[in-house]
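Listed below, chain by chain, are the residues.
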Amino acid sequence: GDTVVVQRAGDVIPQVVEVVRDKRPKGTRKFKFPDHCPVCGSTAVREEGEAVRRCTGGLICDAQLVERLRHFISRDAFDVDGLGEKQIEAFWRDGLVKTPADLFRLSEKAEDIEAREGWGATSVRNLLNAIESRREIPLDRFIYALGIRQVGQANARLLAQHYGSRDVLLSAMDEARDADSDAYRSLVGIDGIGPKVAADIVDFFAEPHNQEVLNDLATAVTVGDFAAPESSSPVAGKTVVFTGKLETMGRAEAKAMAQSLGAKVASSVSKKTDYVVAGADAGSKLSKARDLGVAVLSEQEWHELVG
């Protein structure tokens, strides 16, 4: 019921500047934000520094489930041909699909689908064939399909490259619940995965309902190990950390070069690090590398190594 002053911010977005308090209706009460999701009852959390309050229900919340299913079958995820947003919403609404794994059980409901308006024997057969062709999926696309907050295609690929297989990923995420563990330090050490992103990843895999969905999916799909770019370079499969100021290339360029040669790029030094490339004014990372006995290369030595 308040009257507010707004301005046009950034040439587009209306920004609330202030409340006109002398126009506030009598008897109004301060709004109390819900602390639980009104749909699934899961805790609703507003993170520090953010305006939005989010349901933590994830894959079991009906309010989120349709969008998550749409994401699951999207082009960069499972990419199921012939199953669009409208169809997935209709299937969900009528109880044909409730979880991602249900998609791979639709063959059991072929007659129900064929009886629906707009469907026939041929279109159903094409749909089921398209679903069957997606029972095998690369690890990076599988991770992206899960719809983990802050994990888009780039971060999904980083995780796939770092862990290599579904089983190793799940085991590491279980161990990473302990912030003092090597598994957690390894996760936040991935270049591009900071503490906030790591928290969202660990929380997703720790949520019991999400674990149920993952276990169900394990019976329906095969997740292939990450296939690194084929490379005969001496750094293929090695973990590299860049530190200090580089003279001949920027940090992003150095990272891209290493990854194109099949190397993993990390942001912190650990016992699993193979090479530390040290530029000018290298600090604590260089010291830690020496303490751990990790091979330290100058920028010139790095170029000579990779040819």
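Rules used in this analysis
- Residues take numbers from 1 onward in each chain, read along the sequence in its written order.
- At least 70 in pLDDT is required for a residue's local features to be given in this predicted model, at least 80 for side-chain atom pairs to be given and counted, and no such filter applies to totals for whole chains, interfaces and linings, which use all residues.
- Hydrogens are left out, water is left out, and the side-chain values use all remaining heavy atoms of the structure.
- We count a stretch as a helix when DSSP gives it H or I for four or more residues in a row; a strand needs E for two or more, and each element gets its number in order from the N terminus.
- Each residue gets one of three labels from its accessible area relative to the maximum for its type: buried under 20%, exposed over 50%, partly exposed in between, using a 1.4 Å probe on protein chains only.
- Note on contacts: a residue pair is in contact if any heavy atoms of the two residues lie within 4.5 Å.
- Strand pairing is defined by DSSP finding a minimum of two bridges between the two strands.
- Simply put, an axis is a line fit to the C-alpha atoms, just over the touching stretch for a helix, and the angle between two N-to-C directions goes from 0 to 180 degrees.
- Counted as salt bridges are all cases of a side-chain nitrogen of Lys or Arg within 4 Å of a carboxyl oxygen of Asp or Glu.
- To count toward a patch, a residue needs a relative accessible area over 30% and no salt bridge; like charges are then connected within 9 Å, while nonpolar side chains (Val, Leu, Ile, Met, Phe, Trp, Tyr) are connected within 5 Å.
- Using a 1.4 Å probe, the Shrake-Rupley method yields the accessible areas, and only the shown protein chains count as cover for residues.
- Look down the strands so they point away from you; if the path from the first strand over the helix to the second goes clockwise, the crossover is right-handed.
- When two rings of Phe, Tyr or Trp (its six-membered ring) have centres within 6.5 Å they constitute a pair, described as stacked for plane angles under 30 degrees, edge-to-face for angles over 60, and tilted for the intermediate range.
- This arc describes the spread of directions from the helix axis toward the C-beta atoms.

A. Spotlight on the environment of aspartate 76. As for its placement among the helices and strands, aspartate 76 is situated in the loop between α1 (62-72) and α2 (85-93). A residue is classified by how much of its surface remains accessible, and aspartate 76, at 32% relative accessible area, is partly exposed. The spacing of aspartate 76 and proline 138 is 62 residues in sequence and 11 Å in space, taken between C-alpha atoms. For aspartate 76, the contacting residues outside a window of four places in its chain are Arg141, Tyr144 and Gln153.

B. Expanded view of unusual backbone geometry. Of note, the phi angle at aspartate 79 is positive, near 50°, even though the residue is not glycine. Checked against the element boundaries, aspartate 79 lands in the loop between α1 and α2. A positive phi angle, near 60°, is found at aspartate 281, a position not held by glycine. Aspartate 281 gets classed as exposed once you look at its relative accessible area, which sits at 77%.

C. Quick look at the sheet that holds strand β9 (residues 275-278). Taking strand neighbours across the sheet as the criterion, the four strands line up as β8-β7-β9-β10 in an open arrangement whose pairing is parallel. At either margin of the open sheet sits one strand with a lone partner, and together these are β8 (264-266) and β10 (295-298). Ignoring which end each strand starts from, the neighbouring axes of this sheet average 30° apart. The sheet contact formed by strand β7 (residues 239-243) and β8 spans three bridges and is parallel. Bridged to valine 241 within β8 is alanine 266. This element, helix α13 (residues 299-306), spans β7, β9 and β10 of the sheet and lies at about 100° to β10.

D. Molecular detail of the pattern of salt bridges. Under the defined criterion, the tally for this structure stands at 16 salt bridges. Residue arginine 166 pairs with aspartate 167 through a salt bridge whose shortest N-O separation is 3.4 Å. One network of salt bridges, with partners in common, ties together Glu47, Glu50, Arg54, Arg149 and Asp200.

E. Main features of a nonpolar patch on the surface. A contiguous nonpolar surface patch, about 250 Å² in accessible area, is contributed by Val4, Val6 and Val16. Residue valine 16 is classed as exposed on the basis of its relative accessible area of 54%.

F. Region of the structure containing the pairing of β10. Pairing between β9 and β10: four bridges, direction parallel. The partner of alanine 278 across the bridge, within β10, is serine 298. Each parallel crossover has a hand, and the one from β9 via helix α12 (residues 284-292) to β10 is right-handed.

G. Representation of the packing of aromatic side chains. One pass over the structure, following the stated rule, counts six aromatic pairs. Ring centres of phenylalanine 72 and phenylalanine 78 lie 4.3 Å apart, and the angle between their planes is 20°; on these two criteria the pair is classed as stacked. What makes phenylalanine 78 buried here is its relative accessible area of 1%. Taking the centre distance of 5.7 Å and the plane angle of 35° together, the rings of phenylalanine 91 and tryptophan 119 count as tilted. A residue pair is termed long-range when its members are at least 10 positions apart, and phenylalanine 91 in helix α2 and tryptophan 119 in the loop between α3 (110-114) and α4 (121-132) qualify at 28 residues. Look at phenylalanine 91 and you get buried, because its relative accessible area is 1%.

H. Representation of helix α10 (residues 208-218) within the structure. Within α10, the full set of buried residues consists of Asn210, Val213, Leu214 and Leu217. Buried positions in α10, seen along its axis, are confined to an arc of 100° and lie on one side of it. Turned more than 90 degrees off the buried face of α10, the exposed positions are Glu212 and Asn215. Residues of α10 that are buried sit in contact with α1, α5 (139-145), α7 (166-175) and α9 (195-206).

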